[in-house]
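Breakdown of the fold
Here's the letter readout for the chains.
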Amino acid sequence: MRRPTGKVVGIIKRNSRLLCGMLIPSPIKEATRHLFTPADRHMPRVRVETRQAASLQAHRIVVAIDGWLRHSRYPNVRLHRDAPHAVTPHPSVPWSASSGSSFCHLTRGHAALETNSMVEEFMLLANISVAERIVDEFPECALLRRHPAPPPSNYDILVKAAKSKNIEIQVDSAKALAESLDRAAVPGAPPYLNTLLRILATRCMMQAIYFCSGMEPDTHHYGLATAIYTHFTSPIRR
C-alpha cells in the first residue's frame, strides 16, 4: 500500500521560543557575538549577535531562538526586546505606575507624560470602534480579543499580600480592583509597593485570547472593562 509523501518547500513562520535572561559580553574587544544566560536554569546558554552589548549587559533581555547549526556549540538567537518587567524589586532607576485603563503600566527612567495616556486612550477607542464595525460587517468571523473574568480565588494571594501592609483590595469587579490599586499606599512604605501590587494583580488574571465572533457569545474584555475589543493598532508598543 502506497503512503502519501511530501517534502518541506519553505517555512512561512518559525515558532521561535522566547527566553529571558542576561547577556554576558565577550572579552574580545569589538566582538559582535556574546553569550546569553537564560533565567530558566533548565535552558542552556545561547549565542547572541549584537553590537549593543555594552548597553544591554546591565539589563534583562528577551531573545528568540532562530536555529542551531550542526557545527556550533550554542544555538543562534536574535534580540527580541528589553524586559523591564523582569528586573528585581529594587531597581537602581526609579519606576512609576500610571492608573490608566490597564492595571499595570510601567515607565522606567522618566516620568510618564500626559500624551502617553492620551495616545493609550485613543488606541483603546480605535480598537473598540474597529471591533464594533467588523462584528457588524462579519458577525460570524470577526477576529476579536476577549479576557475572561478570573475566579475570586485567584486574587487570594494579592489580597493576602496587601493585607500584610494594612491595605484593603476590592476584587468584586475590574473597576473596584482598579480603584483599590489607585488607593493602595502606605505612609513610609517603599515607592515601588504600589507597582508590585499591580504586577501581582496582573499575575492573578486569566489569559486573554483571540477568537471568532461566531464561536463565542461572550466578547467581554475584563482587563480593559469593555464589552468588545480587538487588536487593530498598538502605538504604545512602538
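Read on for an overview of the structure. (Residues numbered from 1 in each chain as written. Predicted model: local features only at pLDDT ≥ 70, side-chain atom pairs only at ≥ 80, totals over all residues. Heavy atoms only, no water.)

Throughout the structure, instances matching the rule amount to three salt bridges. The partner of Arg146 in a salt bridge is Asp218, and the shortest N-O contact between them spans 3.2 Å. Of this pair, Arg146 sits in strand β8 (residues 143–146) while Asp218 sits in the segment after β9 (209–212), and the two are 72 residues apart along the sequence. We classify Arg146 as buried; its relative accessible area is 12%. Among the residues examined, Asp218 registers a relative accessible area of 35% and is labelled partly exposed. Between Asp182 and Arg198 there is a salt bridge, with the nearest N and O atoms lying 2.7 Å from each other. Of this pair, Asp182 sits in helix α4 (residues 174–183) while Arg198 sits in helix α5 (residues 193–203), placing them 16 residues apart in sequence. A residue is classified by how much of its surface remains accessible, and Arg198, at 4% relative accessible area, is buried. (Salt bridge = Lys/Arg side-chain N within 4 Å of Asp/Glu carboxyl O. Helix = DSSP H or I, 4+ residues; strand = E, 2+ residues; numbered from the N terminus. Buried < 20%, exposed > 50% of the residue type's maximum accessible area, 1.4 Å probe, protein only.)

Tyr155, Leu158, Ile167, Ile169, Leu177 and Leu197 are the most contacted members of the largest nonpolar core, which has 15 residues in total. Those elements that place two or more of their residues in this core are α3 (156–163), α4 and α5. Discounting residues that sit within four places of it in the chain, Ile167 has contacts with Ala162, Ala184, Ala185, Val186, Leu193 and Leu197. (Core = buried A, V, L, I, M, F, W, Y, C linked by side-chain atoms within 4.5 Å. Contact = heavy atoms within 4.5 Å.)

One can describe the packing of α3 onto α5 by two numbers: an axis separation of 9 Å at closest approach and a directional angle of 165°. One way to sum up the angle between α3 and α5 is to call them roughly antiparallel. As α3 packs across α5, the resulting crossing turns out to be right-handed. Touching Ile157, Leu158, Ala161 and Ala162 of α3 are Leu197, Leu200 and Ala201, all from α5. Residues belonging to the contact of α3 with α5 are distributed by class as follows: seven nonpolar, no polar and no charged. (Axes fitted to C-alpha atoms, helices over the stretch in contact; angles between N-to-C directions. Parallel < 35°, antiparallel > 145°, perpendicular 65-115°, else oblique. Left-handed = near helix turned anticlockwise from the far one by under 90°. Nonpolar A, V, L, I, M, F, W, Y, C, P; charged D, E, K, R; others polar.)

The next subject is the pairing of strand β2 (residues 33–38). The alternating pattern of β2 places His34, Phe36 and Pro38 on a buried face and Arg33, Leu35 and Thr37 on a face that is not buried. Where strand β1 (residues 18–24) lies against β2, four bridges are found, and the strand directions are antiparallel. Along β2, the bridge assignment pairs Met22 with Thr37. Strand direction decides the pairing type here: β2 and strand β3 (residues 46–49), joined by four bridges, are antiparallel. The partner of Phe36 across the bridge, within β3, is Val46. (Pairing = 2+ DSSP bridges.)

Each disulfide consists of one covalent bond between the sulfur atoms belonging to two cysteines. Evaluated as defined, the whole model comprises zero disulfides. Between Cys212, a free cysteine, and Cys141, which holds the nearest cysteine sulfur, the sulfur-to-sulfur gap is 6.8 Å. (Disulfide = S-S within 2.5 Å.)

Right, let's talk about unusual backbone geometry for a bit. Positioned with a positive phi, Asn166 is a non-glycine residue whose angle comes to about 60°. Along the chain, Asn166 turns up in the loop between α3 and α4. Among the residues examined, Asn166 registers a relative accessible area of 76% and is labelled exposed. The phi torsion at Ala225 lies on the positive side, around 55°, for a residue other than glycine.

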